[in-house]
Amino acid sequence: MKTLWHNCHVARMAQGVYSVIDDAAIITAGGRIEWIGPRQALSDPGIEQRVDLGGAWVTPGLIDCHTHAVFGGNRSGEFEQRLQGVSYAEIAAQGGGIASTVRATRAASEDELYSSALRRVRALMRDGVTTLEIKSGYGLDLDSERKLLKVIRRLGESLPLTVRATCLAAHALPPEYAGRSDDYIEHICEVMLPALAAEGLVDAVDAFCEYLAFSPAQVERVFIKAQALGLPVKLHAEQLSSLAGSSLAARYQALSADHLEFMTEDDAIAMAAAGTVAVLLPGAFYFLRETQLPPMDALRKHGVKIAIASDLNPGTSPALSLRLMLNMACTLFRMTPEEALAGVTQHAATALGLGDSHGSLEVGKVADFVAWDIERPADLCYWLGGDLDKRVVRHGVELTD
Ligand code: DI6
Ligand code: FE
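All values derive from a computational prediction rather than experimental measurement.

Procedures and definitions
- Residues numbered from 1 in each chain as written.
- Chains lettered and ligands numbered in written order.
- Predicted model: local features only at pLDDT ≥ 70, side-chain atom pairs only at ≥ 80, totals over all residues.
- Heavy atoms only, no water.
- Helix = DSSP H or I, 4+ residues; strand = E, 2+ residues; numbered from the N terminus.
- Expected span 1.5 Å × (residues − 1).
- Buried < 20%, exposed > 50% of the residue type's maximum accessible area, 1.4 Å probe, protein only.
- Contact = heavy atoms within 4.5 Å.
- Donors = N, O, S within 2.8 Å, 3.2 Å for Na, K, Ca; no water.
- Tetrahedral: all angles 85-135°; square planar, octahedral: opposite > 155°, others 65-115°.
- Pairing = 2+ DSSP bridges.
- Domains from an automatic or database assignment.
- Buried area = accessible area lost by both parts, 1.4 Å probe.
- Salt bridge = Lys/Arg side-chain N within 4 Å of Asp/Glu carboxyl O.
- Polar contact = N/O pair within 3.5 Å; in protein donor to acceptor, adjacent residues only side chain to side chain.
- Nonpolar A, V, L, I, M, F, W, Y, C, P; charged D, E, K, R; others polar.
- Right-handed = clockwise from strand over helix to strand, strands pointing away.
- Near = heavy atom within 4 Å.
- Areas by Shrake-Rupley, 256 points an atom, 1.4 Å probe, with all protein chains shown as cover.
- 1 Å grid on protein atoms, 1.4 Å probe; cavity = no way out; pocket = protein on both sides within 12 Å on 5 of 7 lines; lining within 4 Å.
- Sits in = over half its atoms within 2 Å of the grid points.
- Phe/Tyr/Trp six-rings, centres within 6.5 Å; stacked < 30°, edge-to-face > 60°.
- Axes fitted to C-alpha atoms, helices over the stretch in contact; angles between N-to-C directions.
- Parallel < 35°, antiparallel > 145°, perpendicular 65-115°, else oblique.
- Left-handed = near helix turned anticlockwise from the far one by under 90°.

*Asks:* Please provide a residue-by-residue account of helix α4 (residues 110–125), values included.
*Replies:* Three or four residues apart is the spacing at which side chains of an α-helix point the same way, because the helix has 3.6 residues per turn. Here α4 is 16 residues long and its end C-alpha atoms lie 22 Å apart, about the 22 Å a rise of 1.5 Å per residue gives. Listed as buried for α4 are Leu113, Tyr114, Ser116, Ala117, Leu118, Arg120, Val121, Ala123, Leu124 and Met125. Against the buried residues of α4 lie β5 (62–64), α3 (98–107), β6 (129–135), α5 (142–158) and α12 (322–331).

Right under this line is the structure:
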């Protein structure tokens, strides 16, 4: 069906650059964008359907490129502890933190994990999210990681949503490997990754490089294995301390390095040269009441692409709104609304290896877009949550609630 979408303004976000077409028209066919431009330039006799968007602002479908949306239980009790002054690192050292979510996740059935994740994912979709990355990493043994990755695949099959599955087996040390972190890394490399990749459950491989997780040398072993399996890598780096994990990620042409509050200018130079996207996670920064800001000036100076994501997870960012993250990126990290919007469209697509097909409104790209009933695009960064009126189009077809 060849469809003309008209009576709208468009923020195209091609190459991540904010550029506007007023009084625009878009033609979609076969799930792709066939034509886009000013309405007066339009001449196409073969249009079968016309949709009047009523003066809406059209952006690419939003992309949340870093979530841990599938997990058992929740950690609101730890939230209360932290409010009383116990730190995230202290809670982790006492067997709480990620380990407590691992216990709840291992105990949950696939169906239970699916239905609790479904509610969270639907919340993200209400903000116009059409592409979502979800990491495993709360199973930490082969069967439990497989269970999570299968839930992630199922979410992608059952929802009108593009879902990318990232294996984060190197998220934390499971209790059965206490004191033997090198052995766990070996188990990931020799058993878990080969099996899960062979089952087609993995699109990318991630790790948590931190003093309370895995060292750069251990992460490098995981990266080498991922590359041998033909899988791209990503990294949680420089969230709580500076270990040059983001430079390591750049050496392995990582799609992204994420968090990055403690990164250095040298890390930014390495990431820019490698095309590794900086994924900033203001929800975790806010929720942990961090004070060290990511080095925005160094990232800008060296031309590192910047994405913004929710980091939706039960411990450090129970964030169910990507638009709220846009607001936090602006208020906390001093990003401009244009930068923030690029961070949830084109640069987020690049952080998932989807930069050529998703993330901007260009001929040949997948026709995923949102027509927002707003006055200007900055409104997306301005409102704190809530539910903005919008029409969501995925693969050229308007979604109905
Ligand atoms: N960094 C984070 O912010 C999350 N994982 C990670 O590596 C936290 C995960 C959790 O606390 O459950
Ligand atoms: Fe994370």
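*Asks:* Lay out the coordination of the iron ion (ligand 2) with the relevant residues and their values.
*Replies:* The coordination sphere of the iron ion (ligand 2), as far as protein atoms go, consists of His66 (NE2), His68 (NE2), His236 (NE2) and Asp311 (OD), spread over 2.1 to 2.3 Å. Considering all 4 donor atoms around the iron ion (ligand 2), the spread of angles at the metal, 80 to 165°, places the coordination shape in the irregular class.

*Asks:* Lay out helix α7 (residues 216–228) with the relevant residues and their values.
*Replies:* Relative to the 18 Å expected for 13 residues at 1.5 Å per residue, α7 spans 18 Å between its end C-alpha atoms, a close match to the ideal helical length. Against the buried residues of α7 lie β7 (162–170), α6 (181–198), β8 (204–209), β9 (234–237) and α8 (245–251).

*Asks:* Please set out the sheet that holds strand β2 (residues 20–29) residue by residue, giving values where relevant.
*Replies:* In spatial order, the strands read β3-β2-β1-β4-β13-β14-β15; together these 7 strands make up an open sheet with mixed pairing. Of all strands in the sheet, those with a lone pairing partner are β3 (32–38) and β15 (397–398), marking the two edges. With 4 bridges connecting them, strand β13 (residues 369–372) and strand β14 (residues 390–394) associate as antiparallel partners. Note on β14: the bridge partner recorded for valine 370 is valine 392.

*Asks:* Account for the domain arrangement of the protein, naming residues and giving values.
*Replies:* You can read the domains of the protein as domain 1 (3–61 + 361–398) and domain 2 (62–351). Computed from C-alpha atoms alone, the centre-to-centre distance between domain 1 and domain 2 is 30 Å. In this assembly, 27 residues from domain 1 lie in contact with 24 residues from domain 2. The largest share of the area that domain 1 buries against domain 2 comes from Gly61, Cys381 and Arg394, three residues that together contribute 29% of it. Inspection of the domain 1/domain 2 interface yields 0 salt bridges. Viewed at the interface, domain 2 and domain 1 are joined by 9 residue pairs in polar contact (both at pLDDT 80 or more). Contributing elements (two or more residues each) for the side of domain 1 that touches domain 2: β4 (49–60), β13, α15 (379–382) and β14. Counted by class, the side of domain 1 that touches domain 2 contains 14 nonpolar, 7 polar and 6 charged residues.

*Asks:* Hey, could you go over the pairing of β8 for me, with residue numbers and the actual values?
*Replies:* Within β8, 6 of the 6 residues are buried, leaving the element largely enclosed by the surrounding structure. Bridge count for β7 against β8 is 3 bridges, and the pairing is parallel. Across the sheet, cysteine 167 pairs through a bridge with valine 205, a residue of β8. What joins β7 to β8 is α6, and the crossover it makes is right-handed. Pairing analysis gives 2 bridges linking β8 to β9, with the strands arranged parallel. Directly across from phenylalanine 208, in β9, lies its bridge partner histidine 236. The parallel pair β8 and β9, bridged by α7, forms a crossover whose chirality is right-handed.

*Asks:* Give me the lowdown on the site of ligand 1, citing residues and values where you can.
*Replies:* What surrounds ligand 1 is a group of 14 residues, the closest being Arg75, Tyr88, Tyr138, His171 and Thr316. Histidine 171 is positioned with one of its side-chain polar atoms (N or O) 2.8 Å from a nitrogen atom of ligand 1. Computed on the free molecule, ligand 1 has an accessible area of 320 Å², of which 100% lies beneath the protein chains in the complex. Its atoms largely coinciding with the cavity grid, ligand 1 occupies the largest cavity. Its residues assigned to classes, the shell around ligand 1 shows 4 nonpolar, 8 polar and 2 charged.

*Asks:* For the pairing of strand β11 (residues 277–280), give the residues involved together with the corresponding values.
*Replies:* Burial along β11 is two-sided: Val277 and Val279 facing one way and Ala278 and Leu280 facing the other are all buried. With 3 bridges connecting them, strand β10 (residues 256–259) and β11 associate as parallel partners. When the bridges of β11 are listed, aspartate 258 appears paired with valine 279. In this fold, β10 hands off to helix α9 (residues 265–274), which returns the chain to β11; that crossover is right-handed. As defined by bridge partners, β11 adjoins strand β12 (residues 306–308) across 3 bridges and the pair is classed as parallel. When the bridges of β12 are listed, leucine 280 appears paired with isoleucine 308.

*Asks:* Outline the packing of aromatic side chains, listing residues and values.
*Replies:* If you walk through the whole model with that rule in mind, you get 8 aromatic pairs. Arranged with centres 5.1 Å apart and planes meeting at 75°, the rings of phenylalanine 285 and phenylalanine 333 form a pair that is edge-to-face. Of this pair, phenylalanine 285 sits in helix α10 (residues 282–287) while phenylalanine 333 sits in the loop between α12 and α13 (337–343); the two residues are 48 residues apart in sequence, bridging distant segments of the chain. The class of phenylalanine 285 is buried, set by a relative accessible area of 7%.

*Asks:* Let's hear about the packing of α4 against α5: which residues, and what values?
*Replies:* Two elements in contact, α4 and α5, have axes whose closest approach is 10 Å; the angle formed by their N-to-C orientations is 50°. By the angle between their directions, the pair α4 and α5 is classed as oblique. The crossing of α4 and α5 is right-handed. Across the interface between the two elements, Glu110, Asp111, Leu113, Tyr114, Ala117, Leu118 and Val121 from α4 touch Lys147, Leu148, Lys150, Val151, Arg154, Leu155 and Ser158 from α5. Across the contact of α4 with α5, the residue classes tally to 8 nonpolar, 1 polar and 5 charged.

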